[in-house]
Structure formats: structure tokens, C-alpha cells
Amino acid sequence: GAAVGPALPRYVRVNTIKTCMSDVIAYFKRRGYTYLGKARSIEELAELGQKKGKRFLQDLHVPDLLAFPPGTDLHKDSLYTAGHIILQDKASCLPALLLDPPVGSHVIDACAAPGNKTSQLSAIIQNKGKVFAFDLDTKRLATMSTLLLRAGVICQELANQDFLTVSPEDPKYQKVGHILVDPSCSGSGIPDQMRILADKEESAKSERLEALSGFQRRALSHALSFPNVQRVVYSTCSIHQQENEEVVRDVLEQHPHFSLIDALPSWPMHGLNIFPGSSCCLRATLSDTLTNGFFVAVFQRKKKVNESHL
Ligand code: SAM
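Residues numbered from 1 in each chain as written. Predicted model: local features only at pLDDT ≥ 70, side-chain atom pairs only at ≥ 80, totals over all residues. Heavy atoms only, no water.

Visitor: Honestly, the pairing of strand S4 (residues 65-68) in this entry has me stumped. Any pointers?
Guide: Across a regular strand the side chains alternate sides, sitting on one face of the sheet and then on the other. Side chains of S4 alternate between two faces, with Leu-65 and Ala-67 and Leu-66 and Phe-68 buried alike. Looking at chain direction, strand S1 (residues 10-14) and S4 are connected through 4 bridges and run antiparallel. Paired with Arg-10 across the bridge in S4 is Phe-68. In this antiparallel pair of consecutive strands, strand S3 (residues 55-58) and S4, the connection spans 6 residues. (Buried < 20%, exposed > 50% of the residue type's maximum accessible area, 1.4 Å probe, protein only. Helix = DSSP H or I, 4+ residues; strand = E, 2+ residues; numbered from the N terminus. Pairing = 2+ DSSP bridges.)

Visitor: Explain the sheet that holds strand S5 (residues 85-86) here, please?
Guide: Pairing between the strands of a sheet is mediated by backbone hydrogen bonds and can be parallel or antiparallel. In space, the 5 strands of this open sheet follow the order S2-S3-S4-S1-S5, with mixed pairing throughout. One side of each edge strand has no neighbouring strand; the edge strands of this open sheet are strand S2 (34-38) and S5. In this structure, S1 lies alongside S5, joined through 2 bridges in antiparallel fashion. Bridge pairing links Val-14 to Ile-85 in S5. Relative to the sheet, helix H1 (residues 21-30) contacts S1, S2, S3, S4 and S5, its axis offset from that of S4 by approximately 20 degrees. (Contact = heavy atoms within 4.5 Å. Axes fitted to C-alpha atoms, helices over the stretch in contact; angles between N-to-C directions.)

Visitor: Sorry if this is basic, but what is going on with the site of the ligand here?
Guide: As a matter of local geometry, the ligand sits amid 19 residues, with Lys-117, Asp-135, Arg-140, Asp-162 and Asp-182 nearest to it. Contact between the ligand and Asn-116: an oxygen atom at 3.2 Å from a main-chain N or O atom of the residue. Asp-135 is positioned with one of its side-chain polar atoms (N or O) 2.6 Å from an oxygen atom of the ligand. Out of a free accessible area of 610 Å², the ligand has 88% covered by protein chains. Structurally, the ligand is housed in the largest pocket. Among the residues making up the shell around the ligand, the classes are represented as 9 nonpolar, 4 polar and 6 charged. (Near = heavy atom within 4 Å. Polar contact = N/O pair within 3.5 Å; in protein donor to acceptor, adjacent residues only side chain to side chain. Areas by Shrake-Rupley, 256 points an atom, 1.4 Å probe, with all protein chains shown as cover. 1 Å grid on protein atoms, 1.4 Å probe; cavity = no way out; pocket = protein on both sides within 12 Å on 5 of 7 lines; lining within 4 Å. Sits in = over half its atoms within 2 Å of the grid points. Nonpolar A, V, L, I, M, F, W, Y, C, P; charged D, E, K, R; others polar.)

Visitor: I'm lost on the environment of Asp-170 in this one. Help?
Guide: Along the chain, Asp-170 falls in the loop between strand S8 (156-159) and strand S9 (176-181). As for Asp-170 and Phe-226, which are separated by 56 residues in sequence, their C-alpha atoms are 9.5 Å apart. Separated by 2.9 Å, the side chain of Asp-170 and the backbone nitrogen of Lys-172 make a polar contact.

Visitor: Got a minute to help me understand empty space enclosed by the protein in this structure?
Guide: One water molecule sets the probe size; rolling that probe over the atoms shows where empty space is left. Taken as a whole and judged by the stated rule, the model has 1 cavity of 30 Å³ or more. Taken as a whole, the largest cavity holds about 40 Å³ of empty space. In this structure, the largest cavity is lined by Leu-98, Ile-261, Ala-263, Cys-280, Leu-282, Val-296, Ala-297 and Val-298. Looking at which element gives the most residues to the lining of the largest cavity, the answer is strand S13 (residues 294-301), with 3 residues. The residue inventory of the lining of the largest cavity, partitioned by class, reads 8 nonpolar, no polar and no charged. (Points joined across faces, edges and corners; volume = space filled by probe spheres on them.)

Visitor: How should I be thinking about the confidence of the model for the chain in this particular structure?
Guide: Of the residues in the chain, 95% have a pLDDT of 70 or more, and the chain-wide mean is 95. As a predicted assembly, this complex carries a pTM of 0.95 together with an ipTM value of 0.99. (pLDDT = per-residue confidence, 0-100.)

Visitor: Is there a simple way to think about helix H5 (residues 116-124) in this case?
Guide: Along an α-helix, residues three or four apart share an orientation, since each turn contains 3.6 residues. Counting buried positions over the 9 residues of H5 gives 7, a clear majority of the element. Among all positions in H5, only Lys-117, Thr-118, Ser-119, Gln-120, Leu-121, Ser-122 and Ala-123 are buried. The positive-phi residue at the C-terminal boundary of H5 is Gln-126, with phi of around 55 degrees.

Visitor: Where do I start with unusual backbone geometry in this structure?
Guide: Among all residues save glycine, negative phi is the norm, and among peptide bonds the norm is trans. The omega torsion of the bond from Ala-113 to Pro-114 falls at 5 degrees, within 30 degrees of zero and hence cis. By secondary structure assignment, the location of Pro-114 is in the loop between strand S6 (106-109) and H5. In the Ramachandran plot, Asp-100 falls in the positive-phi region, its phi being about 50 degrees despite a non-glycine side chain. Position of Asp-100 relative to the elements: it lies in the loop between helix H4 (94-99) and S6. With a phi close to 55 degrees, Gln-126 is a non-glycine residue in the positive phi region. The residue Gln-126 is located in the loop between H5 and strand S7 (130-134) in this model. Residue classification places Gln-126 among the partly exposed residues on the basis of a relative accessible area of 45%.

Visitor: What should I look at first to understand the pattern of salt bridges in this one?
Guide: Oppositely charged side chains are able to pair whenever their charged atoms sit close together. All told, the structure shown has 10 salt bridges when counted by the stated rule. Put simply, Glu-157 and Lys-130 hold a salt bridge, and the shortest N to O gap is 3.8 Å. With Glu-157 in strand S8 and Lys-130 in strand S7, the pair connects residues that are 27 residues apart, well separated along the chain. Given the relative accessible area of 29%, Glu-157 is considered partly exposed. The salt bridge involving Lys-205 is made with Glu-202; its shortest N-O contact spans 3.0 Å. Placement of both Lys-205 and Glu-202 in helix H8 (residues 202-224) is noted, with a separation of 3 residues, approximately one turn of the helix. (Salt bridge = Lys/Arg side-chain N within 4 Å of Asp/Glu carboxyl O.)

Here's what the structure looks like:
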């Protein structure tokens, strides 16, 4: 039969707004789980799925993340229902981690619902400052309000608005130094979506990808036009070059005051080599990084010449 690939661990993000790593570890030990310490390699995470038993590890790349055996269902766990833990894939923890806004700063989450990354950003700025979060979809925003309430987030300002219509000149966003752009994408990195997409007709598929990558370019470019933004993180849960490296390459050309930075040098998988510097981008797949398929690029405003002592 076909070779069976690795299974995705159940990743659990500790919500530091409500609790801390040591309390969550202690809780799961009381519930009969064996704590194996901090993983030293992705292989060690993969072993969670190869042996039987209630065991868990701390992740090696994302500081507030735990990994449980594939299939561990924690949706009814009281830590989850109380908002102390967030069930979030490891790859989707990378954008907020790499945006790394300072405590108390002003951040925009451009395409925010259902809000897992907004809640993570809020935890990073310690619930002080502001996360301006936008989304077009009313239903998804309603879900997001519930999720943020449960997570104890109080620094958010939600708006049911097209991010492309948010004015960079509005004094309200003058202090925004960090923007996360996680736009709608084909979802081709998510296992179920992969099948749906594979079944679609080739022409319908390429039309859809074209429409998506058009929006992705506009959203990313709009983010880079905010006057005081220093760092912008672009991410998708797609594995298509058209939605990832090609978007980054084209937008970078339009915004020469920004360059890509390699924000997580220890990450094993990089962008496809289609332009100089594409290796700064980060990719993720189940077989290479034991996560969903994902893509992240970190744009940093270049220092002015008089600041860089050339
Ligand atoms: N960042 C979210 C999270 O981590 O939970 C997931 C975001 S999802 C990939 C993309 C979102 O973009 C969708 O909720 C969609 O409604 C929203 N969206 C699409 N077009 C938009 C636009 N023009 N302005 C704002 N949001 C938009």
C-alpha cells in the first residue's frame, strides 16, 4: 500500500494572558500526561505519534507551544473552554511570533477573523497598547469576539471593514509600527483543502489563484504604505508559489524601502528560489516541519542612510 506519512501533532498554545507554561505543564501532569521536556528536534515531535501513551513535549521553535500526540482531543478540556490554552497549529503561530511587536505597541491585524493570531499578538504585547483588527466577514468577526473574550483579550479594536479602505493617513493609526497580513488564500496547505483543490478543474483553479494573489498583493502593498510601519509579516496557509514567493517578489519591487529579514534562522525550510533573497522566506509542510502547509515572509523597513553609518 501507499506509504503512511507523519501525522500532525496536536499543538497547544499557552495563552500567557491567562496562565503560564509551568501551570499548564503541571495541569497536564495531574491529568496523567508524562512531560518529556523540550523537544530538541522535529523528529522528537514526530515520535509522539509513533508510541502509545499520554505524553507531551514543549516545542523547539515556538516558546509558548506544547505538542501532544496526533488525535489528542482537547476541545472539551476545561483549560481550553476557559481560554487558558488555544488549539492552534504550530505553523500558524509563526507570523505573530516573527512580527514580535513590543509590549504596549500599536499593531494592525489586517485580515483577522477568527482571531487566533489576534489573540497571540495581544499576548505578545501583554494586552497593553492596541491591536486594530479588520475583517470583511461579519459571521467570522462574531466568532472572533467570542474567541477573544474567552482568551481575556482587552487591547483589541475590531472593525467590520475592508482593510484596503483603511486609510494609512488616519491619525488613529499613526503609531502603528507592526502589521500582520494573513489574507484569504487557497488553503492548499490544509489537508482537506488540498483534496478539494486537486479535484477542481485546472482552469477554474488558476482563475481562482489569480484572483486570490491579486488581493494578496494589494493587501500586502497597502500594509507597507502605512507611514510609521517598521515590520510587516505576510503569511498564507497555501503551498502555491503564486500566492507566496511571487506575491512577495512583486510587492518588494514596489516598496524599495523594505527588505526581507530571516527572522527564524533555525527554521529548516525556506522559500522557493525564484528571486534573490527568497531564502529569507519560510515554508512549512507536514513532511518537512510536521505542521500544516504554510508560508511566512517578514518585511522590515530599511534604516535611513544617516542611521546606518555606511
Ligand atoms: N488571521 C486569521 C486567524 O489567524 O485566525 C485568519 C485569517 S483568514 C486566512 C483570512 C481572512 O481575511 C478571512 O476571515 C476573510 O474574511 C478576511 N478578508 C478577506 N478579504 C478581506 C479584506 N478586503 N479586508 C479584511 N479582511 C478580509
